[in-house]
Amino acid sequence: MLEIRAVNACYGKIQALWDVCLEVREAEIIALVGSNGAGKTTLLHIISGMLHPVSGSVTFLGRQIDNLPPHSIVELGISHVPEGGRVFPDMTARENLEMGAYPSRAWKHRVKTIEQVYQIFPRLKEREKQLARTLSGGEHQMLAIGRALMSKPKLCLFDEPSYGLAPLLVAEIFRTIQSLRDQGITVLLIEQNVRHTLEIADRAYVLENGRVCMEGDCAELLQSDHVKKAYLGL
Amino acid sequence: MLVTFLDIVIAGLLLGGLYALIAMGLSLQYGVARVLNISHGEFIMLGALTTWAFYTAFDINPLAALAICGPLAFILGFIIHRTLYKRLLNSSGSLALFEGNSMLASFGLMFIVQNLALMFWGPEIRGYSYLAFPVDLAGAVFGANRLVTLGFAILIGLTFYFFLTRTRIGKAIRAAAQDPAAAGIMGVDINNVLAICFGLGAAMAAIAGMLISMSYPVHTGMGLEYTIIAIIVVVLGGLGSIPGSFIGGLLLGLIGSIVTYFEPGLALAAYYVIFILLLLVKPTGLMGKS
Ligand SMILES: Nc1ncnc2c1ncn2[C@@H]1O[C@H](COP(=O)(O)OP(=O)(O)O)[C@@H](O)[C@H]1O
Ligand SMILES: [Mg+2]
């Protein structure tokens, strides 16, 4: 469904991605792991149009998207839970969810979709009239995830959705992500918690210094010496 | 004594309503579109002189001129953003550089608009008389045109508040003000929203100019003073806060009215003093965030 071919990306003169290739098939959970500064966030920015590649291509459902602006890419069915959530601090939780339904095809159904999000995260319903800046860390992340679901995406990109959360909440976020696949939403997931991520994902890519250095089924990667040493602390 | 006090307060609110309107327009342009628009006052001047021209040449009611000036200014502002500022934004690289570049560009725009208007209308001071009959408010007497001005400022302020909080595009504007990149991945066409904000700011300036022309003499060089007042109010209220601009405008109007009561020539000087004190003591303004 998503195909990234030989993408190079730069911030000014600094190159952050080198010849990255990656493929996501329908109804998969794909994990993207790598240490800090490896280029994971940059790759998600390339997919959602926040950064345009210097060379290479990104195609989604057979359509080239690497030259499109972010708002056109959301329209096509990709949504993004950005690093740190990036909810709108001076809007209420409910207004944040409404913003997620901004594309016109989703706006019409926003009231119904909000109810569906409240079923996944009942806490958000209790907090719906509160400004996002007053929410706790966990509620903040739930809001960011809920907001991304509001556009009824076909592919959802997650950038460290459980960062800084208590273990109980981390487990809840992982369960939610797994349940998305059952609803037919394809997932590309970046996580710090490598073991847990490889356990729920189908396939994974390992990024190091802006390059894909390993890829394959999660079960295989969990057995690999390099992954064990570098990411699982064994 | 009481009547004098009431006199000052009501006069302050009348002036403040106008300031609020001007500042809300600039707040959209600076707080959301990041253009510290030095040419803001020129749109006020255009609104004022067009209204004057319509009234004296074609006998068109100034309040009806609003229906022409407002949309025209919106379109003009929208086009200016789409052609000039959007390009600057793309070529500037960073937002900090863009703020500097766009301010310089707006300086240039100020001279262009002012000189074109000067060629067209000349430097004479103009005025007309409309709704100038006195109205007695609990002993204090005001021109009806001043009260209409205040009414309009409040009406536009409220309409605008509902627009921002209740409509889809209004919410997109608030989201873009808080985090433009995040608004983009929600599906908001940022360039479009910024151009709309710039256009709305220009429309508010033109409407303010129309209201000013009903109570004060107008001329092609009148713009800059209002630009400066708008900047002071926007900083007073807190950068990017529309309610802050509204309240800051009313507050500065009250201050202006009190100072004018004691020494009419010192109002503008008092604004500068407040501006400098504010920058020293609370640079984030009344309702701004750090
Ligand atoms: N806005 C930016 N400007 C300049 N360099 C950046 C920027 N964002 C990221 N980088 C650099 O690009 C590299 C990859 O960063 P990032 O994609 O955020 O890594 P990760 O998400 O894997 O931690 C890092 O070396 C980082 O310093
Ligand atoms: Mg990152």
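Please read these numbers as outputs of a predicted model, since none were measured by experiment. (Residues numbered from 1 in each chain as written. Chains lettered and ligands numbered in written order. Predicted model: local features only at pLDDT ≥ 70, side-chain atom pairs only at ≥ 80, totals over all residues. Heavy atoms only, no water.)

**Description of the overall build of chain A**
And then number 1: Along its length, chain A carries eleven helices and ten strands.
And then number 2: Over its C-alpha trace chain A gives a radius of gyration of 17 Å, about what one expects of a compact globule, namely 17 Å for 234 residues.
And then number 3: Taken across its 234 residues, chain A has 56% of its residues classed as buried.
And then number 4: About 10100 Å² of surface is accessible on chain A, with carbon and sulfur atoms providing 50% of the total. (Helix = DSSP H or I, 4+ residues; strand = E, 2+ residues; numbered from the N terminus. Rg over C-alpha atoms; globule rule 2.2 N^0.38 Å. Buried < 20%, exposed > 50% of the residue type's maximum accessible area, 1.4 Å probe, protein only. Areas by Shrake-Rupley, 256 points an atom, 1.4 Å probe, with all protein chains shown as cover.)

**Here's the deal with the site of ligand 1**
All names here are of chain A.
And then number 1: Taken together, Tyr11, Ala16, Ser35, Asn36, Gly37, Ala38, Gly39, Lys40, Thr41 and Thr42 make up the full set of residues adjacent to ligand 1.
And then number 2: In this structure, threonine 41 approaches ligand 1 through a side-chain N or O atom, which is 2.6 Å from an oxygen atom.
And then number 3: Protein contact buries 59% of the 560 Å² of open area that ligand 1 shows by itself.
And then number 4: Per-element tally for the shell around ligand 1: the top contributor is helix 1 (residues 40-47), with three residues. (Near = heavy atom within 4 Å. Polar contact = N/O pair within 3.5 Å; in protein donor to acceptor, adjacent residues only side chain to side chain.)

**Focus on the side chain of serine 102 of chain B**
All names here are of chain B.
And then number 1: With respect to the helices and strands, the residue serine 102 is situated in helix 4 (residues 95-121).
And then number 2: Under the relative-accessibility criterion, serine 102 is labelled buried at 0%.
And then number 3: If we ignore the near neighbours within four places in the chain, the residues touching serine 102 are Arg34, Val35, Leu36, Tyr85 and Leu88. (Contact = heavy atoms within 4.5 Å.)

**Quick look at the interface of chain A and chain B**
And then number 1: On the chain B side, the residues contacting the 22 residues of chain A number 19 residues.
And then number 2: The junction of chain A with chain B conceals about 2000 Å² of combined surface from both sides, 62% of it contributed by carbon and sulfur atoms.
And then number 3: When the buried area of chain A at its contact with chain B is split by residue, His71, Phe88 and Tyr102 of chain A rank highest and sum to 32% of it.
And then number 4: The partner of arginine 174 of chain B in a salt bridge is glutamate 95 of chain A, with the nearest N and O atoms 3.0 Å apart. (Buried area = accessible area lost by both parts, 1.4 Å probe. Salt bridge = Lys/Arg side-chain N within 4 Å of Asp/Glu carboxyl O.)

**A short note on the state of the cysteines**
Residue and element names in this part refer to chain A.
And then number 1: Scanning all chains against the criterion turns up zero disulfides over all chains.
And then number 2: For cysteine 10, which is in no disulfide, the shortest distance to another cysteine sulfur is to cysteine 21 and amounts to 16 Å.
And then number 3: Cysteine 10 sits in the partly exposed class, given a relative accessible area of 23%.
And then number 4: Considering cysteine sulfurs only, cysteine 213 is the nearest to cysteine 218, which forms no disulfide, with 14 Å between them.
And then number 5: Note on cysteine 218: relative accessible area 2%, which makes it buried. (Disulfide = S-S within 2.5 Å.)

**Points about the sheet that holds strand 7 (residues 155-159) of chain A**
All names here are of chain A.
And then number 1: Overall, mixed pairing links the six strands, which are arranged 6-7-8-3-9-10 in an open sheet. The open sheet has two edge strands with one neighbour each: strand 6 (78-81) and strand 10 (211-217). Neighbour to neighbour, the strand axes of the sheet diverge by 15 degrees on average, direction disregarded.
And then number 2: Two elements, strand 7 and strand 8 (residues 186-190), share five bridges in a ladder whose sense is parallel. By the bridge assignment, phenylalanine 158 is partnered in strand 8 with leucine 189. (Pairing = 2+ DSSP bridges. Axes fitted to C-alpha atoms, helices over the stretch in contact; angles between N-to-C directions.)

**A few points about the coordination of the magnesium ion (ligand 2)**
Residues and elements named next belong to chain A.
And then number 1: Around the magnesium ion (ligand 2), the protein supplies Thr41 (OG1) and Glu83 (OE) as donor atoms, at distances of 2.0 to 2.5 Å. In this pair, threonine 41 sits in helix 1 while glutamate 83 sits in the loop between strand 6 and helix 3 (93-100), placing the two residues 42 residues apart along the sequence.
And then number 2: Residue threonine 41 is classed as buried on the basis of its relative accessible area of 19%.
And then number 3: Given the relative accessible area of 39%, glutamate 83 is considered partly exposed. (Donors = N, O, S within 2.8 Å, 3.2 Å for Na, K, Ca; no water.)

**Observations concerning the confidence of the model for chain B**
Parts of the model with low pLDDT should not have their predicted coordinates read in detail.
And then number 1: Of the residues in chain B, 98% have a pLDDT of 70 or more, and the chain-wide mean is 90.
And then number 2: Across the whole predicted complex the pTM is 0.90, and at the interface the ipTM reaches 0.92. (pLDDT = per-residue confidence, 0-100.)

**Examining the domain arrangement of chain A**
Residue and element names in this part refer to chain A.
And then number 1: Taken domain by domain, chain A holds domain 1 (2-77 + 154-231) and domain 2 (83-99 + 110-151).
And then number 2: Relative to domain 2, the C-alpha centre of domain 1 lies at a distance of 23 Å.
And then number 3: Contact with domain 1, which involves 14 residues of that partner, is made by eleven residues of domain 2.
And then number 4: Taken together, the two surfaces of domain 1 and domain 2 that pack against each other cover about 1100 Å², and 72% of this comes from carbon and sulfur.
And then number 5: Seen at the junction of domain 1 and domain 2, the total is zero salt bridges. (Domains from an automatic or database assignment.)

**Re the side chain of serine 151 of chain A**
All names here are of chain A.
And then number 1: Locating serine 151 in the fold gives a position in the loop between helix 7 (137-149) and strand 7.
And then number 2: By relative accessible area, which is 2% here, serine 151 ends up buried.
And then number 3: Beyond its immediate chain neighbours, meaning those up to four positions away, serine 151 contacts Val74, Ser79, Gly100, Pro103, Arg105 and Ala106.

**Quick word on the pattern of salt bridges**
And then number 1: If you walk through the whole model with that rule in mind, you get 15 salt bridges over all chains.
And then number 2: The partner of glutamate 3 of chain A in a salt bridge is arginine 5 of chain A, and the shortest N-O contact between them spans 2.6 Å.
And then number 3: What makes glutamate 3 of chain A partly exposed here is its relative accessible area of 29%.
And then number 4: By relative accessible area, which is 45% here, arginine 5 of chain A ends up partly exposed.
And then number 5: Residue glutamate 98 of chain A pairs with lysine 171 of chain B through a salt bridge whose shortest N-O separation is 2.4 Å. Of this pair, glutamate 98 of chain A sits in helix 3 while lysine 171 of chain B sits in helix 6 (residues 168-178), which puts the two residues in different chains.
And then number 6: On the basis of relative accessibility, which here comes to 7%, the residue lysine 171 of chain B falls in the buried class.
And then number 7: Salt bridges here are not isolated pairs; linked through shared partners, they connect Glu23, Arg25, Glu28 and Arg203 of chain A.

**Here's the deal with unusual backbone geometry**
All names here are of chain A.
And then number 1: Positive phi values are uncommon outside glycine, yet alanine 6 reaches one of about 45 degrees.
And then number 2: Take alanine 6: it is sitting in strand 1 (residues 2-11).
And then number 3: Alanine 6 sits in the partly exposed class, given a relative accessible area of 30%.
And then number 4: The phi dihedral of aspartate 19 is positive, around 45 degrees, even though this residue is not glycine.

**Focus: the sheet that holds strand 1 of chain A**
All names here are of chain A.
And then number 1: Pairing is antiparallel in the open sheet, where four strands are placed in the order 2-1-4-5. Among the strands making up the open sheet, the edge pair consists of strand 2 (14-24) and strand 5 (63-64).
And then number 2: In the packing of helix 1 onto the sheet, contacts are made with strand 1, strand 2 and strand 4 (55-60), and the angle to strand 1 comes to roughly 115 degrees.

**Topic: the environment of leucine 250 of chain B**
All names here are of chain B.
And then number 1: Tracing the backbone through its elements, the reader meets leucine 250 in helix 10 (residues 242-262).
And then number 2: Accessibility expressed as a relative area gives 22% for leucine 250, which makes it partly exposed.
And then number 3: Along the sequence, leucine 250 and glycine 12 sit 238 residues apart, while their C-alpha atoms lie 7.3 Å from each other.
And then number 4: The residues touching leucine 250, leaving out its near neighbours within four places in the chain, are Gly12, Leu13, Gly16, Gly17 and Ala20.

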